[in-house]
Amino acid sequence: MRNAALAIALWASVAVARPQSPGESFTGTAGNTTIAGISSGPDSNGKYEISGPGIRASFIAYGASISNLFLNDTSGVERDIVTGFDNASYYGVDRQHPHFGGVPGRYANRIKNSSFVIDGQTYNILPNEHPTADSPNGVDTLHGGPNGWDWRNWTVVAHTSDSITFSLTDPDGDQGFPGEVVSYVTYTMGNMTWDIRMVALATTKVTPIMLSSHTYWNLDGFANTETPLALNHSLWMPYAGQRIGTDSILIPTGDILSNQPLSLNDFYSTPKQIGANFSNPSLLGNCGENCTGYDTCYLTNRLPPFDWRTSGPVARLRSAWSGIQVDVFTDQDAFQVYSCGGQNGSMALKSTQGLHGVQGRERTIPQYGCIVMEVEDWIDGINQPEWGRDKKQIFGPGDDPYVLQASYRFSLNGTAVGLLGPGSG
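Below is a summary of the structure that appears in this document. Quick caveat: nothing in here was measured; it's all calculated off a predicted structure. Within every chain, residues take consecutive numbers counted from 1 along the sequence as written. With pLDDT at 70 or above as the cut-off, local features in this predicted model cover only qualifying residues; side-chain atom pairs require 80 or more to be listed or tallied, and sums for whole chains, interfaces and linings still use all residues. The side-chain quantities take in all heavy atoms of the structure and omit both hydrogens and water.

### Details of empty space enclosed by the protein
The cut-off we apply is this: Cavities and pockets were defined on a 1 Å grid built over protein atoms only: a cavity is a set of grid points that admits a 1.4 Å probe from which the probe cannot escape, a pocket is an open set flanked by protein on both sides within 12 Å along at least five of seven lines, and lining residues are those with an atom within 4 Å of any such point. Grid points are joined across faces, edges and corners, and a volume is the space filled by probe spheres set on the points. The nonpolar class holds Ala, Val, Leu, Ile, Met, Phe, Trp, Tyr, Cys and Pro. Asp, Glu, Lys and Arg form the charged class, and all remaining residues, Gly among them, are polar. Secondary structure counts use DSSP, requiring at least four H or I residues in a row for a helix and at least two E residues in a row for a strand, with both numbered from the N terminus.
Tallying each qualifying case throughout the model produces two cavities of 30 Å³ or more. Approximately 50 Å³ is the volume attributed to the largest cavity. Its residues assigned to classes, the lining of the largest cavity shows four nonpolar, two polar and three charged. Counted as a void, the second largest cavity has a volume near 40 Å³. Forming the walls of the second largest cavity are Asn 109, Arg 110, Ile 244, Thr 246, Leu 250, Asp 295, Thr 296, Cys 297, Gln 336 and Ile 379. Counting only elements with at least two residues in the lining of the second largest cavity, the list comes to strand E18 (242-246) and strand E21 (295-299). Residues of the lining of the second largest cavity, tallied by class, amount to four nonpolar, four polar and two charged.

And the structure:
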């Protein structure tokens, strides 16, 4: 009863309160507790739609995932700019899906040796990446393990015309993690904005918690007549002068590396296209062994005090073809960029994306056809005590909850020049 009471109190403390809108009902239920909702429920594809001025999106209970995100480009054509499946049932069937739009947890990104130490006790969790002969299940843990949070069905506890809240209770011992964790994720649409608030509470034991949003972006909706790739997207990260050094399987080494101006990993001194350095042979291995591109954790170095809502975006992504631009604001201190080098054309586009009936254009997601931008804390910080991330990543009963906040603010930029003027990418 205590944990149930804590869960209800947590949701009440983080749900976005607002007055009832005309024509909106409050009939959804979670257990025996009445929660704000729209009685229509999901559509025929198992998706819940919410919208704001100039923007609409669909979400599914599987992984608390975003499945569609629609807005008009500079030509007035509606584009669906995130990856996913047409029907919610496909996510659980097609297990190769690469965490499309979900919430990885209870610990996002990688955990070295699938283990960590808290208060002198070593915890061994389930591995799920880089199998070897000696370790057939893998040598590290990615995104919470083989049954991480983005592989599970969440509960919809609130659904209004512009907002939806999902909940998940992760039991003690699941994937090897200690203690129960209760989490709520709220997505809200505003005027060309998508806001995220994630909250998680450790109810019984001290445990690591680090979440993220694992959304795959193509700001052209894969409809660019010149290329299906996202390498022409321009990226600017004005606070990302440093990155976390990793080994050949992307496990942090403990080193904090400088992104020198005009270097391969420099997106902070000036914006540049994702593919600007792909002809440089030095980019091979930049995202792991035999990998060309980016799978990189950049540090967001803002001098305190700052208000994350107004201090400027931590990242700006723009396509000159569609004119769609997104500015990412967040309270998190790191930002992972993945250039989709692992895609190989085996994942189908949604019916709302790409070109139809065009010879030579496969209706699949090609290698480098998307960009993943993950707001999060310093990856594998639980195994790097010298970084001092415990207060951001380790939580126990009686502690303040884990909180992640982000705001994706969209605009249309129809100029042919770069993000900061001519020649700037």
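### Here's the deal with the nonpolar core
In plain terms, the rule: We call a set of buried Ala, Val, Leu, Ile, Met, Phe, Trp, Tyr and Cys residues a nonpolar core when their side-chain atoms join them within 4.5 Å. When a residue's accessible area, from a 1.4 Å probe over protein chains only, is under 20% of the maximum for its type it is buried; when over 50% it is exposed; and in between it is partly exposed. A contact between two residues is defined here by any heavy atoms of the two lying within 4.5 Å.
Counting residues in hydrophobic clusters, the biggest one holds 63 residues, and the most contacted among them are Phe 59, Leu 69, Tyr 187, Trp 194, Trp 217, Tyr 408 and Phe 410. Residue contacts for Phe 59: discarding those within four places in its chain leaves Gly 46, Lys 47, Tyr 48, Ile 50, Ser 65, Ile 66, Ser 67, Ile 164, Phe 166, Tyr 187, Met 189 and Trp 194. Judged by nonpolar contacts, the second largest core, of 18 residues, contains Phe 116, Tyr 123, Ile 125 and Ile 244.

### Focus: the state of the cysteines
The condition that has to hold: Any two cysteine sulfur atoms within 2.5 Å of one another count as a disulfide.
Tallied over the full model, the rule gives two disulfides. Note that Cys 287 is cross-linked by a disulfide to Cys 291, the S-S spacing being 1.9 Å. Taking the sign of the S-S torsion, -95° for the link of Cys 287 and Cys 291, the bridge is left-handed. Like Cys 291, Cys 287 is buried.

### Section: the pattern of salt bridges
Definition in use: Salt bridge, as used here: a side-chain nitrogen of Lys or Arg that lies within 4 Å of a carboxyl oxygen of Asp or Glu.
Across all of its chains, the model carries 15 salt bridges by this definition. Across the pair Lys 350 and Asp 80 runs a salt bridge whose closest N-O atoms are separated by 2.9 Å. Taken together, the residues span a long stretch of sequence, with Lys 350 in the loop between strand E24 (334-338) and strand E25 (371-376) and Asp 80 in strand E6 (residues 78-80) at a distance of 270 residues. In this structure, Lys 350 and Asp 80 share a single accessibility class: buried. Arg 302 is the partner of Asp 333 in a salt bridge, and the nearest nitrogen-oxygen pair spans 3.9 Å. Of this pair, Asp 333 sits in the loop between strand E23 (324-330) and E24 while Arg 302 is found in the loop between E21 and strand E22 (315-318), placing the two residues 31 residues apart along the sequence.

### Here we look at the environment of Asp 195
As a reminder of what qualifies: Pairs of N or O atoms within 3.5 Å make up the polar contacts considered here, provided that, within protein, one atom can donate a hydrogen while the other can accept it, and that residues adjacent in sequence are counted only when both atoms are side-chain atoms.
On the secondary structure map, Asp 195 appears in strand E14 (residues 193-202). For the pair Asp 195 and Phe 329, spaced 134 residues apart in sequence, the C-alpha to C-alpha distance is 9.3 Å. Asp 195 has contacts with Thr 186, Tyr 187, Thr 188, Ala 406, Ser 407 and Tyr 408, leaving out every residue within four places of it along the chain. At 2.6 Å, the side chain of Asp 195 and the side chain of Ser 407 are in polar contact.

### Structural notes on the packing of aromatic side chains
Under the convention used in this document: For Phe, Tyr and Trp, rings pair up if their centres lie within 6.5 Å, where Trp contributes its six-membered ring, and each pair is then called stacked (planes under 30 degrees apart), edge-to-face (over 60) or tilted (otherwise). Geometrically, a lysine NZ or arginine CZ counts as sitting over a ring once it is within 6 Å of the ring centre and also within 35 degrees of the ring normal.
Across all of its chains, the model carries 23 aromatic pairs by this definition. Their ring planes at 45° and their centres at 5.7 Å tell us that Tyr 187 and Trp 194 sit as a pair that is tilted. In this structure, Tyr 187 and Trp 194 share a single accessibility class: buried. Three or more aromatic residues joined by ring pairs make a cluster, and in this case those are Phe 59, Phe 166, Tyr 187, Trp 194, Trp 217, Tyr 408 and Phe 410. Across from the ring centre of Phe 70, 4.0 Å away, lies the NZ or CZ of Arg 56, which sits over that ring. Note that Lys 272 overlies the ring of Phe 267, its terminal NZ or CZ placed 4.7 Å from the centroid.

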